[in-house]
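Each chain, letter by letter, is given below.
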Amino acid sequence: MSLTNNPNVNKWVDEMIALTKPEKVVWIDGSKAQLDALTEEVVALPDSSRDKLYRLNEEKLPGCLYHRTLPNDVARVEDRTFICTSKKEDAGPTNNWSDPKEMYAKLTPLYDGVMKGRTMYVIPYSMGPIGSPLAKVGVEVSDSIYVVLNMNIMTRMGKAAFDNLGDTSDDFVRGLHSKADVDPENRYIVHFPEDNTIWSINSAYGGNVLLGKKCFALRIASYQGKNESWMAEHMLILGIKKPSGEMKYVCAAFPSACGKTNLAMLIPPEGYKAKGYEVFTVGDDIAWLKQGPDGRLYAINPENGFFGVAPGTSAKSNFNALESCKKNTIFTNVALNNADNTVWWEGLDKNPPVDATEWKGAKVNGPEYIAEGGKLAHPNSRFTAPAENCPCISPEFNNPKGVPIDAIVFGGRRAKTAPLVYQSFDWNHGTFVGAIMASETTAAAAGAVGVVRRDPMAMLPFCGYNMGDYWAHWLDMGKKLGDKAPKIFNVNWFRTDDEGHFIWPGFGDNMRVLDWIIDRCDGLAEAVETPIGFEPKPEDINIEGLSDIDLDVVKDLLSVDKSLWLEDCENIKPFFEKFGDRLPKEMADQLSALEARLA
Ligand code: OXD
Ligand code: MN
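Residues numbered from 1 in each chain as written. Chains lettered and ligands numbered in written order. Predicted model: local features only at pLDDT ≥ 70, side-chain atom pairs only at ≥ 80, totals over all residues. Heavy atoms only, no water.

**Student:** Talk me through the coordination of the manganese ion (ligand 2); I want residue IDs and the actual numbers.
**Tutor:** For the manganese ion (ligand 2), the full set of protein donor atoms is Lys 214 (NZ), His 234 (NE2) and Asp 285 (OD), and the range of their distances to it is 2.1 to 2.2 Å. Between the donor residues of the manganese ion (ligand 2), the gaps in sequence give the motif K-x19-H-x50-D. In this pair, Lys 214 sits in helix α8 (residues 212–228) while His 234 sits in the loop between β12 (231–233) and β13 (236–241), placing the two residues 20 residues apart along the sequence. (Donors = N, O, S within 2.8 Å, 3.2 Å for Na, K, Ca; no water. Helix = DSSP H or I, 4+ residues; strand = E, 2+ residues; numbered from the N terminus.)

Right, dumping it as structure tokens:
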């Protein structure tokens, strides 16, 4: 029975039923009774079922579930992710493109009858607090209970989302997912921005199937934002409470695996705590930003939970994330400690379980397995944890108006080039600073080390349209915001010494850099002008209580090697050239101006 009178929703769901031919259709109302029954059903499946979820230790991890995906299906698949716009140039040079008609024709046979003998779950959800003017509705149909249970954590899921849509609106994102046979050869994650539609097939991994997240909240939403004058960004949102009680809000964009979740949940160093500073998390991955009635830029986190990478998460690296996943959390591809039916991953602590099940499902002796070079948890294993579990969740998390943003911070992983922090000269220059963002590959990933991958605004895999037009949209937003625009900064926690060791301690000590940033926003800190932007005076970075860092080290961290920067400019040029006449003139001018200042 449909949960809505909205004819647009009902017509589309009917079409999806006619296409996929499920045995049964279940509309997800979001009630506890319904979710409990689905959980019961999925944990009762035999061990041999790839859909199986397991309950974990009810005392230590109440309400938590465990799941393993197929070894061929453990991460986002960028080479199988498509943006299908009528014109190829509208997808741009950084996206895989296919003609929408051709793509529908290719995928329709794959979906034809794919749910025969299965149940279709119709999942209404809101990205953003229900009732927020910044929120948007999606409907995902899927043949996976795992998807339903994860969407329940990651979004505001259930009937209330339809109340928000109303009885006539057509403004909802249509998401069709089928795990099909989880066949990597026929795996597709396809976006039709002009139709508000996402089709995902042959995967059961979160990033490919929780369609509210990367697919909607970034790829489709970035396209909507351009047309509707708002922004969807791959950014965390955090609030800093100053000793006076005043709140400052910061958005930050870093490429995947640069510590966004850690920064979002930062615990300030003792000296800051003693003075009365506090940090609150609004979001750890995605921000939707829109100009508010007072002219400032406001942000909401469209998500309702954290889909975080487990390995490396410990009480020391991210206490708040670890606390967040102690109840009502779904763990995917981590290892099991069979002694007490709990979970484990590399970096959690120094005691891998002796009686372990590794992420592919084999029973192993943990310490021996690791000694032989094995990994108990997959490096991209995940926790799906409700935001409300987070000890430092912002009291404004559900505020429908969002929070006013004071600063936007970009960053990447650069061994030598980028200094610890610098501020852009103005919004346009800040847009350029975001556009030239890059990260160097680490030894943790396959391939050469130290190769620069350009990742503008950390949106390379997530921008749903031509990135040249995306920069133009940034420039337009700056014009609209005028002197109310947030200040734009760039940080780099990853400078290394000659032996390749990180110089800056990172983690909670990043507060010291945020401190300068918010002081700049308030006009309380000085700066020195350099060819790349405004930098702090070294003595203005508070290093009190840091044993390994003295003023000379700070000077070093802030140094700008002009020849390295000129080299970087040579790397940026061919990247910018790819965009042809879609590259805003301002961006080309910014590059020439930077070169001139460096020369
Ligand atoms: C993520 C990513 O999963 O950015 O958040 O890859
Ligand atoms: Mn992300």
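There is more to say, and it comes next.
**Student:** Pulling in residues and values, what's your account of the site of ligand 1?
**Tutor:** Arg 76, Lys 214, His 234, Ser 256, Asp 285, Arg 382 and Phe 462 make up every residue found near ligand 1. At 2.8 Å, a side-chain N or O of Arg 76 approaches an oxygen atom of ligand 1. Separating an oxygen atom of ligand 1 from a side-chain N or O atom of Lys 214 is a distance of 2.9 Å. Burial of ligand 1 by the surrounding chains reaches 87%, relative to a free accessible area of 210 Å². (Near = heavy atom within 4 Å. Polar contact = N/O pair within 3.5 Å; in protein donor to acceptor, adjacent residues only side chain to side chain. Areas by Shrake-Rupley, 256 points an atom, 1.4 Å probe, with all protein chains shown as cover.)

**Student:** How would you summarise the pairing of strand β24 (residues 382–386) if you had to cite specific residues and measurements?
**Tutor:** Extensive coverage of β24 is indicated by the burial of five of its five residues. Side chains Arg 382, Thr 384 and Pro 386 of β24 all project onto a buried face; the interleaved residues Phe 383 and Ala 385 project onto the opposite face, where all are buried too. The pairing of strand β18 (residues 305–309) with β24 spans five bridges and is classified as antiparallel. Counted as the bridge partner of Gly 308 is Phe 383 from β24. Pairing between strand β19 (residues 330–332) and β24: three bridges, direction antiparallel. From the neighbouring strand, Phe 331 faces β24, where its bridge partner is Phe 383. (Buried < 20%, exposed > 50% of the residue type's maximum accessible area, 1.4 Å probe, protein only. Pairing = 2+ DSSP bridges.)

**Student:** Talk me through the pattern of salt bridges; I want residue IDs and the actual numbers.
**Tutor:** Scanning the entire structure with this criterion turns up 39 salt bridges. A salt bridge links Glu 78 to Arg 76; its shortest N-O distance comes to 3.1 Å. The class for Glu 78 is partly exposed, based on a relative accessible area of 34%. Across the pair Lys 248 and Asp 522 runs a salt bridge whose closest N-O atoms are separated by 2.6 Å. One end of the pair, Lys 248, is in strand β14 (residues 247–253); the other, Asp 522, is in the loop between α15 (511–521) and β31 (528–529), with 274 residues separating them in the sequence. Residue classification places Lys 248 among the buried positions, given a relative accessible area of 5%. A relative accessible area of 27% places Asp 522 in the partly exposed class. (Salt bridge = Lys/Arg side-chain N within 4 Å of Asp/Glu carboxyl O.)

**Student:** Account for the layout of surface pockets, with residues named and values stated.
**Tutor:** Within this model, the second largest pocket holds a volume of roughly 700 Å³. As for the second largest pocket, its lining consists of 26 residues, of which Leu 35, Gly 63, Asn 152, Ile 153 and Asn 328 are closest to the centre. In terms of domain composition, the lining of the second largest pocket takes at least three residues from each of domain 1 (7–50 + 77–228) and domain 3 (306–388). (1 Å grid on protein atoms, 1.4 Å probe; cavity = no way out; pocket = protein on both sides within 12 Å on 5 of 7 lines; lining within 4 Å. Points joined across faces, edges and corners; volume = space filled by probe spheres on them. Domains from an automatic or database assignment.)

**Student:** Residue-level account of the domain arrangement of the protein, with values.
**Tutor:** Domain parsing of the protein yields domain 1 (7–50 + 77–228), domain 2 (233–302 + 397–598) and domain 3 (306–388). Facing 10 residues of domain 1, the contacting portion of domain 3 comprises 10 residues. Considering only the side of domain 1, the residues that lose the most area to domain 3 are Tyr 146, Ile 153 and Tyr 205, jointly responsible for 59% of the buried surface there. Here domain 1 and domain 3 share zero salt bridges between them. Counting every contact that joins domain 1 to domain 3 gives four residue pairs in polar contact (both at pLDDT 80 or more). Elements with a contribution of two residues or more to the side of domain 1 that touches domain 3: α5 (145–154) and α7 (206–209). Residue contributions to the side of domain 1 that touches domain 3 peak at five residues, all from α5. Residue composition of the side of domain 1 that touches domain 3, grouped by class: six nonpolar, three polar and one charged. (Contact = heavy atoms within 4.5 Å. Buried area = accessible area lost by both parts, 1.4 Å probe. Nonpolar A, V, L, I, M, F, W, Y, C, P; charged D, E, K, R; others polar.)

**Student:** Just give me the short version of the pairing of β13, but keep the residues and values in it.
**Tutor:** Most of β13 is tucked away, with five of its six residues classed as buried. Where β13 lies against β14, six bridges are found, and the strand directions are antiparallel. Within the sheet, the bridge partner assigned to Ile 237 lies in β14 and is Cys 251. Linking β13 back to β14 in an antiparallel pair, the connection comprises five residues, with Gly 245 at a positive phi of about 100°. Across five bridges, the pairing between β13 and strand β15 (residues 278–283) is antiparallel. Across the sheet, Ile 237 pairs through a bridge with Gly 283, a residue of β15.

**Student:** Tell me what's going on with the sheet that holds strand β25 (residues 403–404), and back it up with residues and numbers.
**Tutor:** The four strands are arranged β12-β16-β17-β25 in an open sheet whose pairing can be described as antiparallel. Looking at strand neighbours, the two that pair on one side only are β12 and β25, the edges of this open sheet. As judged from the four bridges shared by strand β16 (residues 287–291) and strand β17 (residues 297–300), these two strands associate in the antiparallel manner. When the sheet's bridge partners are listed, Lys 290 is paired in β17 with Tyr 298. Of the strands in this sheet, β12 and β16 are in contact with α8, which crosses β12 at around 145°. In the packing of helix α14 (residues 467–481) onto the sheet, contacts are made with β12, β16 and β17, and the angle to β12 comes to roughly 120°. (Axes fitted to C-alpha atoms, helices over the stretch in contact; angles between N-to-C directions.)

**Student:** How would you sum up the packing of helix α17 (residues 562–577) against helix α18 (residues 585–598)? Please name residues and give values.
**Tutor:** Viewed as axis vectors pointing N to C, α17 and α18 meet at an angle of 160°, and their least axial separation amounts to 10 Å. By the criterion of interaxial angle, the relationship of α17 to α18 is roughly antiparallel. Every pair of crossing elements has a handedness; the one defined by α17 and α18 is left-handed. Contacts from Lys 562, Trp 565, Leu 566, Cys 569, Glu 570, Ile 572, Lys 573 and Phe 576 in α17 reach Met 587, Leu 591, Leu 594, Glu 595 and Leu 598 in α18. Classifying every residue of the contact of α17 with α18 gives nine nonpolar, no polar and four charged. (Parallel < 35°, antiparallel > 145°, perpendicular 65-115°, else oblique. Left-handed = near helix turned anticlockwise from the far one by under 90°.)

**Student:** Which residues make up the side chain of Ser 439, and what values do they have?
**Tutor:** You can see Ser 439 is positioned in strand β28 (residues 438–440). When neighbours within four sequence positions are excluded, Ser 439 is seen to be in contact with Pro 255, Cys 258, Gly 412, Arg 413, Arg 414, Val 451, Val 452 and Arg 453.

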